[in-house]
Amino acid sequence: DISMQYRLIRTLPIARLMIRYRAFIFCALLALFCFTLHYSALVGGWRYDDPAHLFFAAQYSPWEYFSVPEVMLQQSWAHITPWNALFYDIGITLFGLNPMGHYAHQLSIIFLTSVAMFFLLQLWVNQWKAFAAAMLFLSMPATAVVGQLLMTGHYAYGLLFSILAIYTFILS
(Lines give C-alpha, C1' and ligand atoms only; values in the text may rest on other atoms or scores of the structure.)
Protein backbone atom coordinates (compact mmCIF):
# COMPACT_ATOMS: atom_id res chain seq x y z
CA ASP A 1 0.00 0.00 0.00
CA ILE A 2 1.47 3.35 -1.10
CA SER A 3 0.02 5.40 1.75
CA MET A 4 1.47 2.96 4.29
CA GLN A 5 4.92 3.24 2.67
CA TYR A 6 4.66 7.02 2.65
CA ARG A 7 3.72 7.05 6.35
CA LEU A 8 6.62 4.74 7.12
CA ILE A 9 9.07 6.98 5.22
CA ARG A 10 7.73 10.04 7.06
CA THR A 11 8.59 8.43 10.39
CA LEU A 12 12.29 8.27 9.51
CA PRO A 13 14.21 11.07 11.24
CA ILE A 14 15.91 12.30 8.06
CA ALA A 15 12.59 12.42 6.20
CA ARG A 16 10.98 14.37 9.03
CA LEU A 17 13.86 16.86 8.96
CA MET A 18 13.62 17.24 5.18
CA ILE A 19 9.88 17.90 5.35
CA ARG A 20 10.30 20.39 8.19
CA TYR A 21 13.16 22.25 6.50
CA ARG A 22 12.03 21.88 2.88
CA ALA A 23 11.84 25.66 2.29
CA PHE A 24 15.37 26.06 3.63
CA ILE A 25 16.59 23.22 1.41
CA PHE A 26 14.92 24.80 -1.63
CA CYS A 27 16.57 28.15 -0.83
CA ALA A 28 19.97 26.48 -0.44
CA LEU A 29 19.47 24.78 -3.81
CA LEU A 30 18.55 28.14 -5.37
CA ALA A 31 21.77 29.63 -3.99
CA LEU A 32 23.81 26.74 -5.33
CA PHE A 33 22.12 26.96 -8.74
CA CYS A 34 22.49 30.75 -8.92
CA PHE A 35 26.18 30.83 -8.10
CA THR A 36 26.94 27.76 -10.24
CA LEU A 37 25.09 29.13 -13.24
CA HIS A 38 26.39 32.70 -12.95
CA TYR A 39 29.84 32.05 -11.47
CA SER A 40 31.57 33.48 -14.54
CA ALA A 41 30.38 36.96 -13.57
CA LEU A 42 32.72 36.89 -10.57
CA VAL A 43 35.78 36.99 -12.81
CA GLY A 44 34.44 39.88 -14.87
CA GLY A 45 36.16 43.20 -14.60
CA TRP A 46 34.81 46.66 -15.08
CA ARG A 47 32.75 46.80 -18.27
CA TYR A 48 31.05 49.36 -20.48
CA ASP A 49 29.62 52.18 -18.30
CA ASP A 50 31.08 50.96 -15.01
CA PRO A 51 33.95 53.49 -14.73
CA ALA A 52 31.63 56.45 -15.28
CA HIS A 53 29.10 55.13 -12.76
CA LEU A 54 31.84 54.43 -10.21
CA PHE A 55 33.22 57.93 -10.63
CA PHE A 56 29.78 59.49 -10.21
CA ALA A 57 28.92 57.38 -7.13
CA ALA A 58 32.29 58.19 -5.53
CA GLN A 59 31.87 61.89 -6.25
CA TYR A 60 28.38 62.42 -4.77
CA SER A 61 26.46 61.18 -1.75
CA PRO A 62 23.09 59.43 -2.00
CA TRP A 63 21.16 62.42 -0.70
CA GLU A 64 22.68 64.53 -3.51
CA TYR A 65 21.87 62.24 -6.41
CA PHE A 66 18.40 61.50 -5.02
CA SER A 67 17.37 65.08 -4.27
CA VAL A 68 19.51 67.67 -6.13
CA PRO A 69 18.35 67.97 -9.76
CA GLU A 70 21.64 69.42 -10.95
CA VAL A 71 23.49 66.40 -9.58
CA MET A 72 20.96 63.98 -11.09
CA LEU A 73 21.49 65.58 -14.49
CA GLN A 74 25.23 65.02 -14.24
CA GLN A 75 24.63 61.29 -14.22
CA SER A 76 22.30 61.32 -17.22
CA TRP A 77 20.32 63.91 -19.13
CA ALA A 78 18.06 61.20 -20.54
CA HIS A 79 17.28 59.13 -17.44
CA ILE A 80 16.52 59.58 -13.77
CA THR A 81 18.38 56.66 -12.22
CA PRO A 82 19.59 57.47 -8.72
CA TRP A 83 19.17 53.79 -7.77
CA ASN A 84 21.91 52.95 -10.26
CA ALA A 85 24.31 55.32 -8.48
CA LEU A 86 23.20 53.91 -5.12
CA PHE A 87 23.96 50.37 -6.33
CA TYR A 88 27.52 51.42 -7.18
CA ASP A 89 27.78 53.43 -3.94
CA ILE A 90 26.87 50.36 -1.88
CA GLY A 91 29.46 48.36 -3.81
CA ILE A 92 32.18 50.96 -3.27
CA THR A 93 31.39 51.11 0.44
CA LEU A 94 31.48 47.32 0.86
CA PHE A 95 34.14 46.24 -1.65
CA GLY A 96 36.07 49.31 -2.74
CA LEU A 97 37.22 48.94 -6.34
CA ASN A 98 37.32 45.14 -6.32
CA PRO A 99 35.00 44.11 -9.19
CA MET A 100 34.57 40.58 -7.80
CA GLY A 101 32.84 41.98 -4.72
CA HIS A 102 30.53 44.09 -6.87
CA TYR A 103 29.57 41.06 -8.96
CA ALA A 104 29.06 38.93 -5.83
CA HIS A 105 26.73 41.68 -4.55
CA GLN A 106 24.81 41.59 -7.85
CA LEU A 107 24.52 37.78 -7.77
CA SER A 108 23.33 37.97 -4.15
CA ILE A 109 20.52 40.30 -5.21
CA ILE A 110 19.58 37.94 -8.06
CA PHE A 111 19.57 35.02 -5.59
CA LEU A 112 17.41 36.95 -3.10
CA THR A 113 15.03 37.80 -5.95
CA SER A 114 14.66 34.10 -6.75
CA VAL A 115 13.96 33.37 -3.08
CA ALA A 116 11.37 36.15 -2.89
CA MET A 117 9.76 34.79 -6.06
CA PHE A 118 9.74 31.29 -4.53
CA PHE A 119 7.84 32.50 -1.46
CA LEU A 120 5.49 34.73 -3.44
CA LEU A 121 4.47 31.96 -5.82
CA GLN A 122 3.76 29.60 -2.92
CA LEU A 123 0.70 31.72 -2.21
CA TRP A 124 -0.86 30.15 -5.33
CA VAL A 125 1.07 26.97 -6.18
CA ASN A 126 2.85 24.22 -4.24
CA GLN A 127 6.51 24.42 -3.24
CA TRP A 128 7.75 22.29 -6.13
CA LYS A 129 6.13 24.51 -8.77
CA ALA A 130 7.32 27.66 -7.01
CA PHE A 131 10.83 26.20 -6.87
CA ALA A 132 10.70 25.31 -10.57
CA ALA A 133 9.62 28.85 -11.42
CA ALA A 134 12.45 30.35 -9.35
CA MET A 135 14.93 28.02 -11.07
CA LEU A 136 13.51 29.08 -14.43
CA PHE A 137 14.03 32.74 -13.46
CA LEU A 138 17.68 32.02 -12.60
CA SER A 139 18.27 30.25 -15.91
CA MET A 140 16.69 32.88 -18.17
CA PRO A 141 18.98 34.69 -20.64
CA ALA A 142 17.78 38.06 -19.32
CA THR A 143 18.86 37.09 -15.81
CA ALA A 144 22.25 36.02 -17.17
CA VAL A 145 22.70 39.43 -18.79
CA VAL A 146 21.81 41.25 -15.58
CA GLY A 147 24.25 39.04 -13.69
CA GLN A 148 27.08 39.92 -16.08
CA LEU A 149 26.55 43.69 -16.29
CA LEU A 150 26.90 45.79 -13.15
CA MET A 151 25.23 48.74 -14.84
CA THR A 152 21.95 46.78 -14.62
CA GLY A 153 22.15 46.27 -10.85
CA HIS A 154 19.36 48.74 -10.19
CA TYR A 155 17.05 46.54 -12.29
CA ALA A 156 17.83 43.57 -10.05
CA TYR A 157 17.06 45.66 -6.96
CA GLY A 158 13.89 46.98 -8.61
CA LEU A 159 12.60 43.48 -9.29
CA LEU A 160 13.45 42.34 -5.76
CA PHE A 161 11.65 45.33 -4.20
CA SER A 162 8.65 44.82 -6.53
CA ILE A 163 8.27 41.16 -5.55
CA LEU A 164 8.62 42.01 -1.86
CA ALA A 165 6.04 44.81 -2.22
CA ILE A 166 3.54 42.50 -3.90
CA TYR A 167 4.15 39.80 -1.28
CA THR A 168 3.66 42.15 1.68
CA PHE A 169 0.63 43.76 0.04
CA ILE A 170 -1.05 40.38 -0.38
CA LEU A 171 -0.22 39.33 3.17
CA SER A 172 -1.52 42.56 4.70
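Residues numbered from 1 in each chain as written. Predicted model: local features only at pLDDT ≥ 70, side-chain atom pairs only at ≥ 80, totals over all residues. Heavy atoms only, no water.

Peer 1: Which residues make up helix 3 (residues 22-37), and what are the values?
Peer 2: Here helix 3 is 16 residues long and its end C-alpha atoms lie 22 Å apart, about the 22 Å a rise of 1.5 Å per residue gives. Regarding helix 3, the residues found buried are F26, C27, L30, A31 and C34. One face of helix 3 carries all of its buried residues, which in axial projection span an arc of 145°. Opposite its buried face, helix 3 presents the exposed residues L32 and T36, each directed more than 90 degrees away. (Helix = DSSP H or I, 4+ residues; strand = E, 2+ residues; numbered from the N terminus. Expected span 1.5 Å × (residues − 1). Buried < 20%, exposed > 50% of the residue type's maximum accessible area, 1.4 Å probe, protein only. Arc of directions from axis to C-beta.)

Peer 1: Outline a nonpolar patch on the surface, listing residues and values.
Peer 2: A cluster of nonpolar residues, L123, W124, V125, I166, F169, I170 and L171, forms a patch on the protein surface that exposes about 710 Å² of accessible area. Assignment of secondary structure puts I170 in helix 11 (residues 153-171). (Patch = residues over 30% accessible without salt bridge, like charges linked within 9 Å, V, L, I, M, F, W, Y side chains within 5 Å. Areas by Shrake-Rupley, 256 points an atom, 1.4 Å probe, with all protein chains shown as cover. Salt bridge = Lys/Arg side-chain N within 4 Å of Asp/Glu carboxyl O.)

Peer 1: Go over the nonpolar core, please, and point to the residues and values.
Peer 2: Counting 34 residues, the largest nonpolar core has L30, Y88, I110, F111, F118 and L138 as the members making the most contacts within it. For this core, the secondary structure elements donating two or more residues are helix 3, helix 4 (50-59), helix 7 (82-95), helix 8 (99-121), helix 9 (127-139) and helix 11. Looking at this core, the element that brings in the most residues is helix 8, giving 10 residues. Apart from residues lying up to four places away in sequence, F111 is in contact with C27, L30, A31, C34 and F35. Residues F56, Y65, V71 and L86 belong to the second largest nonpolar core, which totals six residues. (Core = buried A, V, L, I, M, F, W, Y, C linked by side-chain atoms within 4.5 Å. Contact = heavy atoms within 4.5 Å.)

Peer 1: Can you break down the environment of F35 residue by residue, with the values?
Peer 2: Of note, F35 is situated in helix 3. Here F35 falls in the partly exposed class, since its relative accessible area comes to 29%. Through-space distance from the C-alpha of F35 to that of F111 is 8.2 Å; in sequence the pair is 76 residues apart. Sequence-distant contacts of F35, defined by excluding residues within four places in its chain, comprise L107, S108 and F111.

Peer 1: Describe unusual backbone geometry, with residues and values.
Peer 2: The phi torsion of most residues other than glycine is negative, and most of the peptide bonds are trans. The backbone of Y48 sits at a positive phi, close to 50°, despite the residue not being glycine. Note that Y48 resides in the loop between helix 3 and helix 4.

Peer 1: Lay out the packing of helix 8 against helix 9 with the relevant residues and their values.
Peer 2: Relative orientation of the contacting elements helix 8 and helix 9 amounts to 150°, with a least axis distance of 8 Å. Between helix 8 and helix 9, the angle is such that the two are roughly antiparallel. Here the hand of the crossing between helix 8 and helix 9 comes out right-handed. Where helix 8 abuts helix 9, its residues I110, T113, S114, M117, F118 and L121 lie against Q127, A130, F131, A133, A134, F137 and L138. Here the contact of helix 8 with helix 9 is built from residues that sort into 10 nonpolar, three polar and no charged. (Axes fitted to C-alpha atoms, helices over the stretch in contact; angles between N-to-C directions. Parallel < 35°, antiparallel > 145°, perpendicular 65-115°, else oblique. Left-handed = near helix turned anticlockwise from the far one by under 90°. Nonpolar A, V, L, I, M, F, W, Y, C, P; charged D, E, K, R; others polar.)

Peer 1: Before we move on, could you go through the packing of aromatic side chains and cite the residues and values that matter?
Peer 2: Throughout the structure, instances matching the rule amount to 12 aromatic pairs. Plain terms: the ring middles of F56 and Y65 are 5.9 Å apart, the flat faces sit at 45° to each other, and that makes the pair tilted. Looking at F56, the relative accessible area reads 6%, which means it is buried. On the accessibility criterion, Y65 (0% relative accessible area) is buried. Through a chain of ring-to-ring contacts, the aromatic side chains of F56, Y60, Y65, F66, W83, F87, Y88, Y157 and F161 assemble into a single cluster. (Phe/Tyr/Trp six-rings, centres within 6.5 Å; stacked < 30°, edge-to-face > 60°.)

Peer 1: Any chance you could break down the packing of helix 8 against helix 10 (residues 141-148) for me, citing the residues and the numbers?
Peer 2: A pair of packed helices is characterised by two quantities: the angle between their axes and the separation of those axes. At a closest axis distance of 9 Å, the pairing of helix 8 and helix 10 adopts a crossing angle of 150°. If you check the angle between helix 8 and helix 10, you find them roughly antiparallel. Contacts from Y103, Q106, L107 and I110 in helix 8 reach T143, V146, G147 and Q148 in helix 10. Here the residues of the contact of helix 8 with helix 10 sort into four nonpolar, four polar and no charged.

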